[in-house]
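Structural features, examined
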Amino acid sequence: MNTYDVIIIGGGLAGLTSAIDLSKDGLQVLLLEKETYPKHKVCGEYVSNEISPYLNRLGVNFETTPPDEIHSLQLSDRKGQLVEIKLPLGGFGISRYAFDHLLFKKAKANGVDFVFETVTDVEFIDDRFTIKTAQQTFMSILAIGSFGKRSNLDKKMDRSFITQKTPWIGIKAHYTSSDFPEGSVQLHNFEGGYCGLSKTETGAVNFCYLAHYDTFKKANSIEDFNHKILSQNPHLKSFLETSKMDFEKHLAISQVSFQNKKAVEHHMLMAGDSAGLIHPLCGNGMAMAIHSAKLVSNEIKSFFKHKNRDKLEANYSRIWKKTFQKRLIFGSIFQKILLQPQLTRYGMWIVLKSPFLLRKMIQQTHGKPIQ
Ligand SMILES: Cc1cc2nc3c(=O)[nH]c(=O)nc-3n(C[C@H](O)[C@H](O)[C@H](O)COP(=O)(O)OP(=O)(O)OC[C@H]3O[C@@H](n4cnc5c(N)ncnc54)[C@H](O)[C@@H]3O)c2cc1C
């Protein structure tokens, strides 16, 4: 059986970017993904420019699907009080349907092998990984776990966060809106959650929110929840009344977990949400997933020179923490502020007087551009 240099489990942004980076360096890479491309995913679809120079260096070319450039943020509290600021770094709006597909095509062109099956088991024996799907078995020297927020493999690997129930639900759909402002991402607060709005490459507006189950269960359906709870915020009310949904129905995910995770588990190097998910209001999970792909790829490339697994694992854990831990802490503080009406009121009062403070807060959850 052929032994790959690296097998990547999960082909979202972290897995696909790692595949592109490693294959560019001549490594033999197999990516195992349970779904096929293109496919819509629950995500706010605002990407920070932190990773733009890196994607550029990897040769990822957006010419066929130019994203919507985003420069400003509009933030509102439950009652609709609004503050607008220029984003420190800015970003772009692109659907996951187009983004993941674009990266897949680039990885394929680089010579990455793809198998579209669900991984059911991973073993590490005699310094090699044996990775199984229901139909096939594969072997590799290294393995990257980039299987997202929550996967069958987290259970299989007995990861500590998986036993804890989480009350968060994510909902998303694309809408046609004739008067959505150019170049802006919006974040609107409502009871028990917040909703992001931003334009994608097709011109459609992505409507995506995170809601606490305690509030969500007050409604009979997503439509009822949108009407009863989201629409208490006048900006969301107006958006929902004046826009038309492009999807047949909303996409939904549950059990969104923000628990701490480890960057290395059973010798597998975790990247993207598999290593840790930042609160979505920061609009930075995708950039973190791509940034983590760069970190893991760099460590893997140096491993193939020194061949010291202990050093690889220790270095990756250290650099992951150093790069992301502070952002996760600030993300969790901001989420707490936004979900407590009194704190949000004080927060809005302060940032309305000094929008510069909001820019500073955003900087705490975002990194500098990477090459
Ligand atoms: C409501 C919400 C809104 C968000 N909004 C934003 C935003 O506006 N901006 C932003 O930057 N981030 C946002 N995020 C975060 C962002 O979506 C994630 O951080 C990002 O998708 C992480 O990418 P990933 O590659 O780690 O995981 P994913 O994109 O989830 O990819 C994981 C892949 O692994 C595959 N997989 C899982 N298990 C297996 C298996 N056993 N075998 C094979 N394949 C498997 C899955 O099919 C999937 O394709 C949001 C998140 C939520 C929940």
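These notes cover the structure that comes with them. (Residues numbered from 1 in each chain as written. Predicted model: local features only at pLDDT ≥ 70, side-chain atom pairs only at ≥ 80, totals over all residues. Heavy atoms only, no water.)

Some remarks on the state of the cysteines
Cut-off, in case you're wondering: Here, two cysteine sulfur atoms that lie within 2.5 Å of each other are counted as a disulfide. Accessibility here uses a 1.4 Å probe with only protein chains present; expressed as a share of the type maximum, an area under 20% marks a residue as buried, one over 50% as exposed, and anything in between as partly exposed.
On inspection of all chains with the given rule, the structure shows 0 disulfides. Summary of cysteine pairing: C43 is not part of a disulfide, and the nearest cysteine sulfur, belonging to C208, is at 6.5 Å. Overall, the relative accessible area of 13% leaves C43 in the buried class. Unpaired in terms of disulfides, C195 finds its nearest cysteine sulfur in C208, a separation of 7.3 Å. For C195, a relative accessible area of 0% gives the class buried.

Some points on the pairing of strand β9 (residues 137–145)
Put simply, the test is: Segments assigned H or I by DSSP are reported as helices when at least four residues long, segments assigned E as strands when at least two residues long, and all are numbered from the N terminus. At least two DSSP bridges between two strands are needed for those strands to be called paired.
In terms of residue burial, β9 counts as a mostly covered element, since 7 of its 9 residues are buried. In this sheet, β9 lies alongside strand β1 (residues 3–9) in parallel orientation, the contact comprising 6 bridges. Considered in β9, the bridge of I7 is made with A143. The sheet contact formed by strand β8 (residues 128–133) and β9 spans 4 bridges and is antiparallel. Within β9, the position partnered with I131 by the bridge is F138. Connecting β8 to the next strand, β9, in antiparallel fashion are 3 residues. Summarising the sheet, β9 and strand β17 (residues 268–270) pair through 2 bridges and their orientation is parallel. Looking at β17, one finds that G145 is bridged to M270.

Quick notes on helix α3 (residues 96–109)
For clarity, the cut-off: To estimate how far a helix should reach, multiply one less than its number of residues by 1.5 Å. The contact definition used throughout considers only heavy atoms, calling two residues in contact when any of these lie within 4.5 Å.
In this model, α3 (14 residues) spans 20 Å end to end at C-alpha, consistent with the 20 Å of a helix rising 1.5 Å per residue. Buried within α3 are the following residues: R96, A98, F99, D100, L102, L103, F104 and A107. On the buried face of α3, the contacting elements are α1 (13–24), β3 (46–48), α2 (52–57), β5 (82–93), β6 (113–115) and α8 (285–306). Positive phi appears at G111, one or two residues downstream of α3, with a value of about 100 degrees.

A short note on the nonpolar core
Most often, soluble globular proteins have nonpolar side chains that are buried together. Worth spelling out the cut-off: Side-chain atoms within 4.5 Å are what join buried Ala, Val, Leu, Ile, Met, Phe, Trp, Tyr and Cys residues into a set we call a nonpolar core.
Core analysis: the biggest nonpolar cluster contains 95 residues, and I9, F99, I131, M268, I300 and Y316 have the highest contact counts within it. For this core, the leading source of residues is α8, giving 10 residues. Here I9 is in contact with L32, V119, V122, I131, I144, G145, S146, F147, L153 and M268, once residues within four sequence places are set aside. Counting residues in hydrophobic clusters, the runner-up holds 22 residues, among them F180, F216, A219 and F247.

Taken by themselves, the reported measurements are silent on function.
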